Amino acid sequence: MSNRRIVPIGPYHPLQEEPEFFKLIVEGEKVIGLEINLGYNHRGHEFIAQKMTYEQIPYLVERICGICSNSHPLAFVLAVEDAAAIEVPERAQYIRTIIHELERIHSHLLWLGLAGHFIGYNTVWMWAWRYRELVLDLFEMITGNRNHYAMNKVGGVRRDILPEQIPLIEKALTEIETKTNMFTKAILDDPVILARLENVGVLTKQAAIDYAVVGPTARASGIAIDVRKDDPHCAYDKIDWNMIYFDEGDVLAKAKVRLLECFESIKIIRQCLKQMPQGPIENRVDEIAPGEGIGRAEAPRGEVFHYVRSDGTNIPIRHKIRAPSFMNIVSNEVAVIGYSIADAALCLAAVDPCYCCTERMAAFEDGKERYTGKQLLELSWEKTNKMFPHLNK
Amino acid sequence: MKVIFWILVFPGFLFSSIIGMLLTWVDRKVTARIHWRVGPPWFQPFADFFKLLSKETLIPVNASRFLFLMAPILSIIAITAVGTMLFTMNFYPNMSFLGDLIVLIYLLTLPPLATILGASASKNPLAAVGASREMTLYFGYELPFITAIIITIIKTGGTIRIGDIVTYQHIHGPILYSVSGIIATLVALICMQAKLGYVPFDIAEAEQELMAGVYTEYSGFALALFKLSKAMMLFLLPCFLITIFWGGFVTWWAILKLLLLVVLIILIKNTNPRLRVDQALKFFWVGLMPLAVLGVILAFFKL
């Protein structure tokens, strides 16, 4: 007798509170298959971006994700600066780095809290989110907002870090460091937590390469990739820091990568505050020259990729986004197989998925796929040709 | 008339449920303080209960109606009987009858069985997974729990009357104050955590994995009864432990002991992640069972 059942997680995730749908195909408690359905929250950001000016788009792409709301605008402005060959003042580079790393700390602490919640350890959840508040307060002081910092603009940043703020930042960093230290010790010493996380949801190095995962998910599977090292943007090449990676590929390794990365981030921010030169924080940009450019930034979840094509007007004619979760979520297909339901829920969360970042369009009609991905792409090209015939050389 | 009063008002249904709900408030408040939250006011459990009563009870279409609705009632009847017996035997040891300890153990196993029954009757896949987990867990903790009680039976010279156990402890001092007694209480305390369905053993209703697990299809009145029987368990299980191992309810100190045990349960709940069901079973059989057997051996040597 087949004992197959479907355990649904979704279409609205009970804990992450985002629209997704995972169908766990289980036999008893054991997961033997996973079906991933996304696309409940497609907002058409790329399309909207093609109707907005370069000044407006950073605010738009900021709202792709509430957690990595610096990575998307950063990648976008990098792409535009690449396309139009715009120089950015050095001080702005450092400020971008500081904001980017602060965001990494707050995102990793958020994940830590959620991971605690997923294994039923609500105390970790509440404490991690409490100490995350320190980072949010720093954001409020520096940028004026706790989320959606609106710091990036083409050619520089919008706000300076004032000299009197630096000691306050240093002080908060020290506190964040002690608290993260406490978490690291508490988590790596707790036998029950180790029993739940160790050798669970193993993503082998080969599978990680096959699924082209990025960010902490890849680094936990022994792949040493990090845009900050491989293709340094902002001030990352002027600063001394280490890439954290582990070979195990289980949930524990993912947790360790994220926890230890917090310390590296603190190190980077401290060096930035020390090395930051005086000077302007933005270059005046009057015109975006025609051309195409790419921007890559290492978001807390992995590499964010933006492609921008300009035709000399103040509106991009093509804007393409690839968020890191797009690569990471599908890797669950192999990572959860063979584990129990209890472990599967944890594995699905261990890649730190951000479903709204990941939304892509798919056209279904009467339960059948209307267009394949390639056909949709061709439709989009056709439309671009119709809208901008002068581009057809 | 007197018996009906005992069953319905004191120390049966009404008394146990009010104290039980107050203790759930203690649970929620202490948990909130550990989490750096404020926590609810004292009447919150009562408000929740009465609100649930006013809600519609939905019964799934292909569920077995009778079993689905009987399960919470069975649970509440069993736990009311536990409350009534436990306290009458504490206050009037002469009323105790031969074998009432065994009856109590039986009655205490009924609420988990009722949840399994209700979950299976609801025909929900999540509830079915929850029920199978509850069943596995039940096989895990029941054996060490009974073994821990056997230690008391041995130490009191083979009595299975609660009245005699209480009287014995009144004369010779509580069972707890000996090596085997400490082992027995520890084992029973951990089993109690599982019986209550608290972290690290809230495997059957793991909200992160199974929504509400065994209670997924329950709503309104039926859910309120389940919640109430859980609240009463939070009161009566520590009372049972105190009666068997810690001198019974002879002095007012028992109230402090009760609070201490409840706070201990809450602390365990808040400083542990949830175990997987196979890990929990292994813990009970490989970890706790040898400890309980060691306790039995020590009890034979009057330690």
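Every chain begins its residue count from 1, and numbering advances along the sequence as written. Following the order in which they are written, the chains are lettered starting with A and the ligands numbered starting with 1. Local features are withheld for residues below a pLDDT of 70 in this predicted model, meaning they are given only at 70 or higher, and side-chain atom pairs are given and counted only at 80 or more; totals for whole chains, interfaces and linings count all residues.

J.: How should I be thinking about the overall build of chain A in this particular structure?
T.: Think of it this way: any DSSP run of H or I at least four residues long counts as a helix, any run of E at least two long counts as a strand, and we number them from the N terminus. In terms of regular secondary structure, chain A is built from 16 helices and 10 strands. In this description the radius of gyration comes from C-alpha coordinates, and the expected globular size is given by 2.2 Å times residues to the power 0.38. Compactness check: chain A gives a C-alpha radius of gyration of 22 Å against a globular reference of 21 Å for 393 residues, within 12% of the reference. Each residue gets a C-beta atom placed from its backbone, and two residues are in contact if those atoms lie within 7 Å. Expressed as a percentage of contacts within chain A between residues at least 6 apart in sequence, the contacts between residues at least 24 apart total 70%.

J.: Can you help me understand the overall build of chain B in this one?
T.: Scanning chain B for helices and strands turns up 12 helices and zero strands. For chain B, the succession of helices and strands along the chain, N to C, is α-α-α-α-α-α-α-α-α-α-α-α. Computed over the C-alpha atoms, the radius of gyration of chain B is 19 Å, within 12% of the 19 Å expected from 2.2 N^0.38 for a compact globule of 303 residues. Principal axes of the C-alpha set define a box for chain B whose edges measure 55 × 50 × 40 Å. Buried, partly exposed and exposed are defined by the number of other C-beta atoms within 10 Å of a residue's own C-beta, namely 20 or more, between the two limits, and 12 or fewer respectively, with C-beta atoms placed from the backbone. Across the 303 residues that make up chain B, the buried fraction comes to 50%. The contacts in chain B between residues at least 6 apart in sequence include a share of 79% that link residues at least 24 apart.

J.: Sorry, what's going on with the sheet that holds strand β1 (residues 4-9) of chain A here?
T.: Residue and element names in this part refer to chain A. Note on pairing: DSSP must find at least two bridges between two strands before they are called paired. Reading across from one edge, β1-β2-β3 is the order of the three strands in this open sheet, with antiparallel pairing throughout. The sheet terminates laterally at β1 and β3 (30-37), the two strands that pair on one side only. On average, adjacent strands in this sheet sit at an angle of 25 degrees to one another, irrespective of strand direction. Sheet topology places strand β2 (residues 21-27) next to β3; seven bridges connect them, and they run antiparallel. For Phe-21, the partnering residue across the bridge sits in β3 and is Asn-37. For helices, the fitted line uses only the C-alpha atoms of the stretch in contact; every axis is such a line through C-alpha atoms, and the angle between N-to-C directions lies from 0 to 180 degrees. On the sheet, helix α14 (residues 341-350) packs against β1, β2 and β3 and is oriented at approximately 155 degrees with respect to β2.

J.: Please explain the interface of chain B and chain A as it appears in this structure.
T.: Where interface size is quoted, it is often the accessible area lost as the parts come together. At the interface, 23 residues of chain B touch 24 residues of chain A. Every element with two or more residues in the side of chain B that touches chain A is listed here: α6 (125-155), α9 (207-210) and α12 (277-300) of chain B. Only Asp, Glu, Lys and Arg are considered charged in this grouping, and only Ala, Val, Leu, Ile, Met, Phe, Trp, Tyr, Cys and Pro are considered nonpolar; every other residue, Gly among them, is considered polar. Taken together, the residues of the side of chain B that touches chain A break down into 12 nonpolar, six polar and five charged.

J.: Any chance you could explain the environment of B:Thr159 here in plain terms?
T.: All names here are of chain B. Mapping Thr-159 onto the fold places it in the loop between α6 and α7 (162-172). Judged by the 18 C-beta atoms lying within 10 Å of it, Thr-159 falls in the partly exposed class. For the pair Thr-159 and Leu-98, spaced 61 residues apart in sequence, the C-alpha separation works out to 8.4 Å. Excluding anything up to four places from it in sequence, Thr-159 contacts Ile-153, Asp-164 and Ile-165.

J.: Looking at this structure, I do not really get helix α16 (residues 373-387) of chain A. What am I missing?
T.: Because each turn of an α-helix spans 3.6 residues, side chains separated by three or four positions in sequence point in the same direction. To estimate how far a helix should extend, the number of its residues minus one is multiplied by 1.5 Å. Its 15 residues place the ends of α16(A) 21 Å apart at the C-alpha level, agreeing with the 21 Å of an ideal helix rising 1.5 Å per residue. Here α16(A) lies mainly on the outside; zero of its 15 residues are buried.

J.: Explanation requested: the domain arrangement of chain A in the structure shown.
T.: The domain limits used here are those given by an automatic or database domain assignment. Here chain A is described as being made up of domain 1 (42-360) and domain 2 (362-393). Relative to domain 2 of chain A, the C-alpha centre of domain 1 of chain A lies at a distance of 31 Å.

J.: Please explain the pairing of strand β6 (residues 291-299) of chain A as it appears in this structure.
T.: Walk down a regular strand and you will see the side chains alternate between the two sheet faces. As paired elements, β6(A) and strand β7 (residues 302-310) of chain A share nine bridges and run antiparallel to each other. Within the sheet, the bridge partner assigned to A:Gly291 lies in β7(A) and is A:Ser310.

J.: Quick question: what am I supposed to make of unusual backbone geometry here?
T.: With an omega of 5 degrees, the peptide bond between B:Val199 and B:Pro200 qualifies as cis. With phi around 50 degrees, A:Cys234 is a residue other than glycine that occupies positive phi space. Following the sequence through the fold, A:Cys234 ends up in the loop between α10 (227-230) and α11 (251-275). C-beta crowding within 10 Å serves as the criterion here: with 24 such atoms nearby, A:Cys234 is assigned to the buried category. With phi around 65 degrees, B:Trp36 is a residue other than glycine that occupies positive phi space. Looking at the element boundaries, B:Trp36 is found in the loop between α2 (13-34) and α3 (44-53).

J.: Explanation requested: the packing of helix α6 (residues 165-189) of chain A against α11(A) in the structure shown.
T.: Two measures define how a pair of helices packs: the angle their axes make with one another and the distance between the axes. Residue and element names in this part refer to chain A. Contact pair α6 / α11: the axes reach a minimum separation of 10 Å and the direction vectors enclose 160 degrees. One finds that α6 runs roughly antiparallel with respect to α11. Note on packing geometry: the crossing formed by α6 with α11 is left-handed. Here Ile-166, Ile-169, Glu-170, Leu-173, Ile-176, Glu-177, Thr-180, Phe-183, Thr-184 and Ile-187 of α6 lie close against α11, whose contacting residues are Ala-255, Leu-259, Cys-262, Phe-263, Ile-266, Ile-269, Arg-270 and Leu-273. Of the residues assigned to the contact of α6 with α11, the class counts are 13 nonpolar, two polar and three charged. By the definition adopted for this analysis, an angle is roughly parallel if under 35 degrees, roughly antiparallel if over 145, roughly perpendicular if from 65 to 115, and oblique otherwise. In this scheme the handedness of a crossing depends on how the near helix is turned from the far one: anticlockwise by less than a right angle means left-handed, clockwise means right-handed.

J.: So what exactly am I meant to see when it comes to the environment of B:Ala292 here?
T.: All names here are of chain B. Its location among the elements puts Ala-292 in helix α12. Given 25 C-beta atoms within 10 Å, Ala-292 falls into the buried group. Linking Ala-292 and Ala-184, residues 108 residues apart in sequence, is a C-alpha distance of 6.5 Å. In this structure, Ala-292 is in contact with Pro-144, Thr-147, Ala-148 and Val-187, ignoring residues within four places of it in sequence.

J.: Help me understand α7(B) in this model?
T.: Residue and element names in this part refer to chain B. Among all positions of α7, only Ile-162, Gly-163, Ile-165, Val-166, Tyr-168 and Gln-169 are buried. Next to the buried residues of α7 lie α4 (65-91), α5 (100-121), α6 and α10 (220-245). Just downstream of α7 lies Gly-173, where phi reads positive at about 90 degrees.

J.: Please clarify how the environment of A:Glu103 should be interpreted in this entry.
T.: Residues and elements named next belong to chain A. Looking at the secondary structure, you find Glu-103 in helix α4 (residues 90-118). Through-space distance from the C-alpha of Glu-103 to that of Ala-299 is 8.6 Å; in sequence the pair is 196 residues apart. Those residues in contact with Glu-103 that sit more than four places away from it in its chain are Cys-68, Asn-70 and Pro-300.

J.: Help me understand the packing of α6(B) against helix α8 (residues 179-196) of chain B, please; the structure alone is not making it clear to me.
T.: All names here are of chain B. One way to put it is that α6 packs onto α8 with a least axis distance of 9 Å and a crossing angle of 150 degrees. Comparing the axis directions of α6 and α8 gives the class roughly antiparallel. You can see that α6 and α8 cross each other, and the crossing is left-handed. From α6, Leu-137, Tyr-141, Pro-144, Phe-145, Ala-148, Ile-151, Thr-152 and Lys-155 reach across to α8, where they touch Ser-180, Ala-184, Val-187, Ala-188, Cys-191, Ala-194 and Lys-195.

J.: How do you make sense of the nonpolar core when you look at a structure like this?
T.: Within soluble globular proteins, side chains that are nonpolar generally end up buried alongside one another. A set of buried residues qualifies as a nonpolar core if it consists of Ala, Val, Leu, Ile, Met, Phe, Trp, Tyr and Cys joined through C-beta atoms within 7 Å. A:Val80, A:Cys347 and B:Leu236 are the most contacted members of the largest nonpolar core, which totals 204 residues. Looking at which element gives the most residues to this core, the answer is α10(B), with 19 residues. Apart from the residues within four sequence positions on either side, A:Cys347 is in contact with A:Val200, A:Gly201, A:Val251, A:Asn332, A:Ala335, A:Val336 and A:Tyr339.

J.: Please clarify how the confidence of the model for chain A should be interpreted in this entry.
T.: Caution applies to low-pLDDT regions: their predicted coordinates should not be interpreted in detail. For chain A, the average pLDDT comes to 86, and 97% of its residues sit at 70 or higher. Summary of the metric used: pLDDT quantifies the predictor's per-residue confidence within the range 0 to 100. Confidence, expressed as mean pLDDT per element, reaches its minimum in chain A at strand β9 (residues 364-365) of chain A with 72 and its maximum at α11(A) with 91.

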